[in-house]
Amino acid sequence: RRAPRVTATAEEGIFPTLLDGAQWTQAATFNQDDRFSSPSQRIGRYYRQQLNELDEAQLEAKRAERLQPASPLRPSVERKGWAAGLACKPLLTPLEASQNGQSSFAGHSSDAAGESSAFGLLSRQRAGAEAQDQALFEGTHRQAHITDADALQARFDQYVQHGVDEASLAPFNKMWAINAMEQVPRELAGVPTVTIDRRLNQMLHEVSDLYYMAVKASIVAYVLRNPAEAKRLEITIPPKAFELKTFHPSEDPSVAEHARPTAPDSLALGLWHENVLSGYEAIERSLLINHDGMLQMLDLWTVYQNLLLCNVSALPPVAALELDRFKDQQHAHCERVVQMLKKKWFPAVLEIFKAEATAYESEHDAHAAASPLLGVVSALMFNQLRGLLSASVRAYVGFVEAFAARPDGSDLEPDEAALTSDAVDQRPLLLVRMLVEGEGFKFLPSASTMAKAMISILDHFVVMINTIPRIETEIGRAAGGGSKYLAVASSEEELIVLAKQRLHAVVEANMDLTEAMVRAYSPFTYLLTAETDTMVDDFCATKHTLPEVTLEIAKFDRASKDVAKRTLPEVRFNLVLVACQAVSSKLSDRAVDLAGRLRSTIGTSFMAKNVEMCARFQEIYLRLGEHPTTDEEMVQLERFLGESTGLLQRLNTDLNEGRKALRFLVDQAYHLDEEQLRLVGETWAWPGKVKPKVDECNKRLKAERSRVEDELALRRDNFLLECEDFVAQAQAFEKLGDISRVAESATALANLAAGIKEAKEVGQGINEEEALLGFPLSQFPQLTEVPAMIAPYQALWNTVNDFQKSSFEWLHGSMKAVDPEVVEAEVKAMWKGNFKTIKAFSDEGMPQAPLKVAETLKERIAEFQEKMPLISALCNKGMRDRHWEKVSEVMGQPFRPTDSTNLSMVLTPKLAPKLAELEEISGAASKEYSLEKALDKMYAEWRPQAFDTLAYRDTGTHILRGLDDVQGLFDDHIIKTQAMRGSPFVKPFENRVHEWETKLITMQEIIDEWIKCQSVWLYLEPIFSSEDIMRQMPQEAKRFTQVDRLWRKVMEKTVAKPNVLLATAQEGLLASWREANQKLELIQKGLNDYLEAKRLSFARLFFLSNDELLQILSETKDPLRVQPHLKKCFEGIAKLDFDDSMLITAMFSVEGERVPLHEPVNPALANGMVEKWLLEVEGAMKQSVSSIMKQSEAAYARSKRVDWCIEWPGMVVLAVDQIYWTREAEALIEHKGLEGAREYEAKCTAQLEDIVKLVRSQLTKLQRATLGAMVTMDVHGRDVLTAMVEAGVDKLNDFNWISQLRYYYQPATSPDILVRIISSEAKYGFEYLGNSFRLVVTSLTDRCYRTLMGALQLDLGGAPEGPAGTGKTETTKDLGKAMAIQCVVMNCSDGLDYIAMAKFFKGLAASGSWACFDEFNRIDLEVLSV
């Protein structure tokens, strides 16, 4: 071996160049040989030494290493691996005897036990290796080189830091970082997102720096592998790599007994090591990944590994696709790829392992498990399919993301030029149609529909890839109960979820671009509104000048032209092509239609005016051409002729206006059809036709008038002669005095009266004709004088005639037909009439002949009146057989009238002395008859009475209605019957009256019980028609079933025979109704107890009436049917949101605001108990509002206020706004005093201005409601600070500050929100109250708040007092909203009793709600005192 040269000691501060910078690559080493070598040869020469580059010693060392025997710590090649826990570097040789012949333990420690251990062997092994390394330097001057370990490490580090240019290194691959970041969660509980992003960026920089340091360290270590380079660089001993501490199992006391060698000089590690080796052998036998079939599978997969479940190679097309077509294409391609895998790849895999599986089954019995190889095959299939799915998802998402918004943001706000430009810089993928909907626009498909469709393609990937079967299902034995298909992926795992989020972001970003289309057409939305229709209709309905109409039409014509210029028919965006031709056409057509309606209004009005003028001209023309046949027609035609001049002048004025309208229609190109043009021509031709007709009519009327006047004069003269004749006839009656000629005299008077009546009609006609012709009216006094002359004669002779006829009928007719009352009345009337006649003829100058006739009539009437007592006694209608027997005794002979018996036979002078006895008998008969007649009348009145029944809903039975008449009849008849029983004349039919009274009383009791039962049955029937109620109240249900059966049976008979007498005559009916009412009372008591139990379970049910509560409790099977009643229990909840599994996931307010529940509520777990899941809803409601309040409070600090206030529920926004108002105001006042208050006042003003600007933007109805209430509270907050600044408030304990309603919230320490005012403090209730308005806070409102809060602090109540309509109730309710506590308003009346009040107070005490008793002074003092 050649001795090395003596080298001077190197200086540690000198660093020769590491790499050869003169080469074309900066990574080439220096060439230490005389022969030329390229940079590539220099770079690669140290990776592996060739045999021709080794010297003799090196070759011997290689040979010795290959021939070295195996040991337990250095397994042979056949034994894979080494003992666990030991260093990876194997031992060189086993320990043998030393050169001096002593034991191998002699040259080391004196502790023989320790040296003999395996750990001692390892220590000697390391010492021998170090001695071998030092032997290289013996006999040389190599120690002149740097040998200090720290100095060598420093030189190595210096070369790593500065010896390699980073520009020559391969850059850090960004995909490594991206792949690593995919495994890192971006959200951690309790860690802000900003902190996570900052830490991840720091770690990425560290990874990049470590990468470059590792590459440079590798280059330096590679260069130092050349000994010559190591000497040149003065790093002859490279720094030792980090070594793990060698640990021997015997060092652990817990296993030392089992790990100690069996012999002092043995390397065996005991029984445990044998177990380890056997484990290695078992792993080697069961390691199936190296199976030949697996390698064949890998080769087979190279055919299919480039397949994708999506087809994006030919996209985007020239023409944008419909969303459904794109979706169908991807679904079809995915199905084709999966079918290919099923029909080609999967059978090929089966073919590879079929023989293996068959052999395994033949070696094992039928109950053995499936071959483990098949499980490994399924795992490899899973990995391959998983890779296919991942590649497909990446390709599909990457393809869609290529349509994302441009990085420079130039397409975020497309300008007008972009909407009208034909330039094509990118083909859109999908077609979206912009349509008109209502008064706005919509896009089909919508953003949500498009996102769902695009995302559904990923779901289809997952579904289809999961249809490939496991290999165990085709060959071998499948595990019992296991899946038949490979579960490659699920839609909920992170890969798919992240891909969906990326797709959704792309779709949302692109669909947001379409808002530019909405903005482009927004100026024309007024064309679609109902207000425009109303405006045009109102404009058309009112009269306007033609210039005004022209201006209005021009506005719509201009809009029609401008619409077409807004955008192209198809506007291209990144992902979508928006087809807006329908919108443009709709708006343009709408503008044309509105303008056409205005034109049509003028045209229609013009044509209607023409029709009207033609009709009026024609009417004038036809009227002037009439030939009158009567005087009235002639006079009317004369009058019309005089009026026609004015009519024609007005028509000419209308014609001039029509010419202007026609000129307007021609200018507006209004179309007139042939019929309309003909009408216009006819209108203009009428004036020429009418003028000649006027002259002709005037001549004809003059001739006709002359003729009529002559005829009228002749008729008047003849009528005067007839009137004189009537006077002569009347004067002739003065001489008539023979009473025997009564018929002749009466007939003559009747004829004269009829003649005068006809003459009056003729005279009236003559006067009417005279008035028509304009003549003075003629007078005919005879027509009024003659009736006055004959009036006394008519009265006389008519009375004589009537008395003679009537008296004959009464005396000679059947005695039974005579009614004494009628006879007496008529005789009295005749007597009075004759008395007046005598008085009239007794005057001086009256004729005497008629007076004699009157006096004779007087005598005859007086004679007849003397017979009236006997007639009344004998002709009494109440006379019965018992009465005639008494009459016979009085008369002394049997007497009973028959049909042939008349009064002339009976009225003899013998009866006059017995008149008193007969009158007594007749009087008694009359009283009895009147009672009997009244009883018969009651019977007759009840006979047609029938119950009025009504079919009750769909129950199949009926109910009674309209019983007022029946009840009134009962009351009247019972009183009459009782009075009848007290009469002394009731004895002949006393039994009958008693029976009738008993029947009436029984009927009334039956009907009273019937009505009582009906009222309760109507109340209970809907309740017990619910199966749930029947199941929960079995005893009451059984009783109600019995009552219901009775009700239906009785009502069935009543409907068949509705007569009251028959219906109430059913046997045992009264007892049945009484028993039924007793059962109903028990049912009601049980029902009240049941409802009380339900109310105690859910206290808010105390505020509901029994009917309302029963409606809720009867819907236990279907929770959805409880929705209409929720408002009665929860003031702010209008309905609940049920998902497909009937879980309650959110609540909706009346305004439509949706608030998700913190935890879903499952009504099914309540087992039909509505009150139970309603109680859970109450708890979830408060918990959800509290949770959202906490989230919103945190979001306020990191969000812009104008964005924050429209992202959260309305009541949460108001509460958090007040929390921060309190927090920020107190912080500034506490630190800066008055200046802080002034500073926060300015901030509140600025915040208020920002909200006002936001209100003026486009908002939803809910957002506008939230901002309305927020502005109200912000204005009050700003005004409070302004007042404090003016008052110089600089401390927090100032009354101006503590008298305000303040909110305190520290979610880190307590979930409660504390509301304070002065010294009062209350907890925020977290009751969801919807997105409702808030009252304007005035000084009076603050005063009420202070008073009521103070009362609550003292456990008292408050009673706001003031005039009606001043806001007492609303202020109390608004304080409830501010506190988020349910406030139940009760309208009081004098009908409230202590039971209702007790129920109400139970609810208040149990639920913690507030109550507002409106007009509580109406409650009776007795009730209030209780």
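Scroll up for the structure.
Reading the values: the criteria
Per chain, residue numbering runs from 1 following the sequence as it is written. Two thresholds apply to this predicted model, a pLDDT of at least 70 for residue-level local features and 80 or more for giving and counting side-chain atom pairs, whereas whole-chain, interface and lining totals are computed over all residues. The basis for the side-chain values is all heavy atoms of the structure; hydrogens and waters are excluded. The helix count covers DSSP runs of H or I at least four residues long, the strand count covers runs of E at least two residues long, and both are numbered beginning at the N terminus. Burial classes follow relative accessibility: with a 1.4 Å probe on protein chains only, a residue under 20% of its type's maximum area counts as buried, one over 50% as exposed, and anything between as partly exposed. Residue contacts follow a heavy-atom distance rule, with two residues in contact if any of their heavy atoms lie within 4.5 Å. For every accessible area listed, the method is Shrake-Rupley and the probe measures 1.4 Å; residues are considered covered only by the protein chains on display. Grid points spaced at 1 Å over the protein atoms alone were grouped into cavities, where a 1.4 Å probe fits but cannot get out, and pockets, open sets with protein on both sides within 12 Å along at least five of seven lines, with lining residues defined by an atom within 4 Å of a point. Grid points are joined across faces, edges and corners, and a volume is the space filled by probe spheres set on the points. Two rings from Phe, Tyr or Trp (for Trp, the six-membered ring) form a pair when their centres are within 6.5 Å of each other. A pair whose planes differ by under 30 degrees is stacked, one over 60 is edge-to-face, and the rest are tilted. Two strands make a pair as long as DSSP finds a minimum of two bridges between them. Residue type decides the class: Asp, Glu, Lys and Arg count as charged, Ala, Val, Leu, Ile, Met, Phe, Trp, Tyr, Cys and Pro as nonpolar, and the leftover types, Gly among them, as polar. Between the N-to-C directions of two axes lies an angle of 0 to 180 degrees, each axis being a line fitted to C-alpha atoms and, for a helix, fitted only over the stretch in contact. Note on angle classes: values under 35 degrees are labelled roughly parallel, values over 145 roughly antiparallel, values of 65 to 115 roughly perpendicular, and the remainder oblique. Helix crossings are classified by the rotation of the near helix relative to the far one: an anticlockwise turn of less than a right angle makes the crossing left-handed, while a clockwise turn makes it right-handed.

**Student:** Give a description of the overall build of the protein chain that names residues and reports values.
**Tutor:** Per the secondary structure count, the protein chain includes 48 helices and 14 strands. Out of the 1426 residues belonging to the protein chain, those deemed buried represent 40%. In the protein chain, the proportion of contacts linking residues at least 24 apart, taken out of those at least 6 apart, comes to 73%. As displayed, the protein chain offers around 79900 Å² of accessible surface, 54% of which is attributable to carbon and sulfur atoms.

**Student:** Hey, could you go over the layout of surface pockets for me, with residue numbers and the actual values?
**Tutor:** A volume near 830 Å³ is recorded for the second largest pocket. Lining the second largest pocket are 26 residues; nearest its centre among them are Gly1357, Gly1358, Ala1359, Ala1411 and Cys1412. No other element matches the 5 residues that strand E14 (residues 1410-1414) contributes to the lining of the second largest pocket.

**Student:** How would you summarise the packing of aromatic side chains if you had to cite specific residues and measurements?
**Tutor:** In total, this model carries 22 aromatic pairs according to the counting rule given. With 4.4 Å between their ring centres and 45 degrees between their planes, tyrosine 939 and tryptophan 996 make a pair best called tilted. Placement of the pair is tyrosine 939 in helix H30 (residues 915-942) and tryptophan 996 in helix H32 (residues 990-1024), with a sequence separation of 57 residues. Taking relative accessible area as the criterion, tyrosine 939 reaches 24% and is therefore assigned partly exposed. For the pair tyrosine 1196 and tryptophan 1204, a centre-to-centre distance of 4.7 Å together with 85 degrees between the ring planes defines the contact as edge-to-face.

**Student:** Can you explain the environment of alanine 541? Please cite residues and give values.
**Tutor:** Within the secondary structure, alanine 541 sits in helix H18 (residues 530-541). Separated by 60 residues in the primary sequence, alanine 541 and threonine 601 have C-alpha atoms spaced 8.7 Å apart.

**Student:** Give a description of the pairing of strand E12 (residues 1320-1323) that names residues and reports values.
**Tutor:** As paired elements, strand E11 (residues 1313-1317) and E12 share 4 bridges and run antiparallel to each other. Of the residues in E12, the one forming a bridge with leucine 1314 is lysine 1323.

**Student:** Could you give me a rundown of empty space enclosed by the protein, with the residues and numbers involved?
**Tutor:** A complete count under the given rule lists 5 cavities of 30 Å³ or more for this structure. Roughly 140 Å³ of internal volume is contained in the largest cavity. Considering the residues around the largest cavity, the lining is formed by 15 residues, among which Met1211, Leu1214, Tyr1324, Arg1334 and Lys1377 are closest to the centre. Elements that contribute at least two residues to the lining of the largest cavity include exactly helix H41 (1210-1232) and helix H46 (1368-1379). Per element, the largest residue contribution to the lining of the largest cavity is 5 residues, and it comes from H41. Along the lines of polarity and charge, the residues of the lining of the largest cavity split into 8 nonpolar, 5 polar and 2 charged.

**Student:** Lay out the packing of helix H42 (residues 1234-1255) against helix H43 (residues 1261-1287) with the relevant residues and their values.
**Tutor:** Contact geometry for H42 and H43: axes closest at 9 Å, N-to-C directions at 155 degrees. One way to sum up the angle between H42 and H43 is to call them roughly antiparallel. Between H42 and H43 lies a crossing of left-handed hand. Residues Leu1234, Ala1237, Arg1238, Tyr1240, Glu1241, Cys1244, Thr1245, Leu1248, Ile1251, Leu1254 and Val1255 of H42 pack against Arg1264, Leu1267, Met1270, Val1271, Asp1274, Val1275, Arg1278, Leu1281, Thr1282, Met1284 and Val1285 of H43.

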